[in-house]
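# Understanding the architecture of this molecule
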Amino acid sequence: MTSLAIERPRTENTAFTVLFAISFCHLLNDMMQSLLPAIYPTLKADYHLSFTQIGLVTLTFQLTASLLQPVVGLYADSRPAPYSLPIGMVFTLVGLVLLAFVRSYPTLLVAAGLIGMGSSVFHPESSRVARMASGGRHGLAQSLFQVGGNIGSALGPISAALVVLTWGQRSIAWFALAALAAILVLYQVGRWYKTHGLTKLKSAAARGHEHIALPKARVIGSIAILLLLIFSKYFYLASLTSYYTFYLIHHFHTSVRDAQLMLFVFLASVAAGTLAGGAIGDRFGRKHVIWFSILGVLPFTLALPYANLFWTGALSVVIGLILASAFAAIVVYGQELVPGKVGLIAGLFFGFSFGMGGIGAAVLGRLADATSIELVYKVSAFLPAIGVLAAFLPNLRKTAR
């Protein structure tokens, strides 16, 4: 069998305008979502929340996003809905406004859940659009899409430091303007999706670009390995995205503002790693990127709990660069394993990553309450060792030949 999408990416039809549009909306979407963990120290102090309650807020957000994403993706595989993207962003808009005026813990959970519902529509459908617009450069397209989200996640703590900490919780309502901007852009993306995107996706499938000849049992086993690798990656990332600021404040006695700036630096390194991972996967093979990204970060995660403040910041950058390079490769690898199920695979992987992030935040929050925030990083440091399972993934380039 021959798979041109793997061997010789087609570049002439890459719709970069569409890719940049969904990447920009991903930036806005994840910037708005990252406001939630960025204001955790403020919420914890104002509402007297425990680490366990903070973890449950993250769990609520992640579960509403993760459980619905595969369902949305599977439905869209059979019945595409081009205008679902702006509709999904409306949930984020409502959740954001509610977060600005929340006055009780149950209402905070509702706001987190609505923001998660917005993600459940946005991520699988935007991943589908990225593949439609890729022109065969699937890894690059996924990276461009995902890096927008990474940049948005990095801007969240900065926005919280500059806006929310200065003018208070109600200033979050100003970010509703970003949601409105995203709705307008996504409406235009929906028009392209309806008139051009579906044709591109169907013609690529008709040319056989996505066909991979593997036994069904091997495909299922490979998907299971990919899910375990996502578990390792996002369970560990939960320790940094949810509790890094607490660790810096407690362990090194930094200010809240300095801790949020260091979180921004870490999230910026995640964005850089995401952008590099997809292009490298297109060039050298996705299996190699997956292997290096998960297992290769292990020495640095093991060193992090014992580093001083300077080296903690430096190691967090290295960890972000290496660990983030895997996800675009994992998504495209999974889509090549299961041809014709672009939305299902994107929804499954994005949803599972959100779910693991939420469960990780809840479990690690409980561990921090029961022991110490320092122990969280000593325990989670061993999670990247699961990356050794990447050795059992088939080499799709050889399979395609």
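Everything here concerns the structure above.
Residues numbered from 1 in each chain as written. Predicted model: local features only at pLDDT ≥ 70, side-chain atom pairs only at ≥ 80, totals over all residues. Heavy atoms only, no water.

### Some points on the overall build of the protein
- Each helix and strand counted, the protein has 18 helices and 0 strands in total.
- Here the protein has a C-alpha radius of gyration of 20 Å; the compact-globule value for 401 residues is 21 Å, and the two agree.
- Summarising its shape, the C-alpha atoms of the protein cover approximately 60 × 45 × 30 Å along the three principal directions.
- Taken across its 401 residues, the protein has 58% of its residues classed as buried.
- Put simply, 87% of the contacts in the protein that link residues at least 6 apart link residues at least 24 apart.
- In the structure as shown, the protein presents an accessible area of about 15400 Å², 71% of it carried by carbon and sulfur atoms.
- In the protein, the 27 positive side-chain charges and the 12 negative ones have mean positions that sit 7 Å from each other. (Helix = DSSP H or I, 4+ residues; strand = E, 2+ residues; numbered from the N terminus. Rg over C-alpha atoms; globule rule 2.2 N^0.38 Å. Buried < 20%, exposed > 50% of the residue type's maximum accessible area, 1.4 Å probe, protein only. Contact = heavy atoms within 4.5 Å. Areas by Shrake-Rupley, 256 points an atom, 1.4 Å probe, with all protein chains shown as cover. Lys, Arg positive; Asp, Glu negative; His and termini not counted. Charge placed at Lys NZ, Arg CZ, Asp CG, Glu CD.)

### Brief notes about the side chain of S119
- Residue placement: S119 occurs in helix 6 (residues 105-133).
- A residue is classified by how much of its surface remains accessible, and S119, at 0% relative accessible area, is buried.
- In this view, S119 contacts N29, Q33, F61, A65, Q69, T92, P124 and F354; residues no more than four positions away in its chain are not counted.

### What about the environment of T371?
- Within the secondary structure layout, T371 lies in the loop between helix 16 (342-370) and helix 17 (373-380).
- Among the polar contacts made by the side chain of T371, one reaches the main-chain carbonyl oxygen of L367 at a distance of 2.6 Å. (Polar contact = N/O pair within 3.5 Å; in protein donor to acceptor, adjacent residues only side chain to side chain.)

### Quick notes on the packing of helix 7 (residues 138-167) against helix 11 (residues 256-284)
- Running from amino to carboxyl end, helix 7 crosses helix 11 at an angle of 175 degrees, the nearest separation of the two axes being 7 Å. With respect to helix 11, the element helix 7 is oriented roughly antiparallel.
- When grouped by side-chain class, the residues that make up the contact of helix 7 with helix 11 number 21 nonpolar, 10 polar and 2 charged. (Axes fitted to C-alpha atoms, helices over the stretch in contact; angles between N-to-C directions. Parallel < 35°, antiparallel > 145°, perpendicular 65-115°, else oblique. Nonpolar A, V, L, I, M, F, W, Y, C, P; charged D, E, K, R; others polar.)

### A look at the pattern of salt bridges
- Counted under the stated rule, the structure contains 2 salt bridges.
- The partner of E125 in a salt bridge is R128, and the shortest N-O contact between them spans 3.1 Å. Remark: R128 and E125 occur in helix 6; sequence separation between them is 3 residues, near one turn of the helix.
- Residue E336 is joined to R286 by a salt bridge in which the shortest nitrogen-to-oxygen separation is 3.0 Å. Remark: R286 occurs in helix 12 (residues 286-295) and E336 occurs in helix 15 (residues 326-337); sequence separation between them is 50 residues. Each member of the pair, E336 together with R286, is buried. (Salt bridge = Lys/Arg side-chain N within 4 Å of Asp/Glu carboxyl O.)

### A few points about a nonpolar patch on the surface
- Together, W174, L177 and L180 make up a nonpolar patch on the protein surface, roughly 370 Å² of accessible area in all.
- Mapped onto the elements, W174 comes out in the loop between helix 7 and helix 8 (176-206). (Patch = residues over 30% accessible without salt bridge, like charges linked within 9 Å, V, L, I, M, F, W, Y side chains within 5 Å.)

### Things to note about the packing of aromatic side chains
- Tallied over the full model, the rule gives 14 aromatic pairs.
- Ring centres of F231 and F235 lie 5.1 Å apart, and the angle between their planes is 50 degrees; on these two criteria the pair is classed as tilted. Note that F231 and F235 are positioned in helix 9 (residues 216-241) at a spacing of 4 residues, about one turn of the helix.
- The exposure class assigned to F231 is partly exposed, which follows from its relative accessible area of 23%.
- Take F235: its relative accessible area is 12%, and that puts it in the buried class.
- When the centroid spacing of 5.5 Å and the interplanar angle of 80 degrees are considered together, the rings of Y234 and F327 count as edge-to-face. Taken together, the positions of Y234 in helix 9 and F327 in helix 15 put the pair 93 residues apart, joining distant regions of the chain. The pair Y234 / F327 is uniform in exposure class, with both members buried.
- Cluster of aromatic residues (ring-pair linked, three or more members): F122, F145, Y234, F327 and F350.
- If you follow K44 out to its NZ or CZ, it ends over the ring of F51, 4.8 Å from the centre.
- Above the ring of Y234, the side-chain terminus of K233 is found at 5.1 Å from the ring centroid. (Phe/Tyr/Trp six-rings, centres within 6.5 Å; stacked < 30°, edge-to-face > 60°. Lys NZ or Arg CZ within 6 Å of the ring centre and 35° of its normal.)

### Focus: the environment of L59
- Structurally, the position occupied by L59 is in helix 4 (residues 51-78).
- Setting aside anything within four residues of it in sequence, one finds L59 in contact with G358, I359 and A362.

### Topic: helix 11
- With 29 residues, helix 11 extends 41 Å from end C-alpha to end C-alpha; this agrees with the ideal 42 Å at 1.5 Å per step.
- Positive backbone phi, approximately 105 degrees, marks G285, located one or two places after helix 11. (Expected span 1.5 Å × (residues − 1).)

### Remarks on unusual backbone geometry
- Residues other than glycine seldom take positive phi values, yet H48 does so here, at roughly 55 degrees.
- Position of H48 among the secondary structure elements: in the loop between helix 3 (40-47) and helix 4.
- A relative accessible area of 69% places H48 in the exposed class.
- Here H253, not a glycine, exhibits a phi torsion of approximately 60 degrees, which is positive.
- Turning to its location among the elements, H253 is positioned in the loop between helix 10 (244-252) and helix 11.
- What makes H253 exposed here is its relative accessible area of 67%.

### Quick look at the side chain of S353
- By the element assignment, S353 lies in helix 16.
- Sequence-distant contacts of S353, defined by excluding residues within four places in its chain, comprise I230, Y234 and F327.

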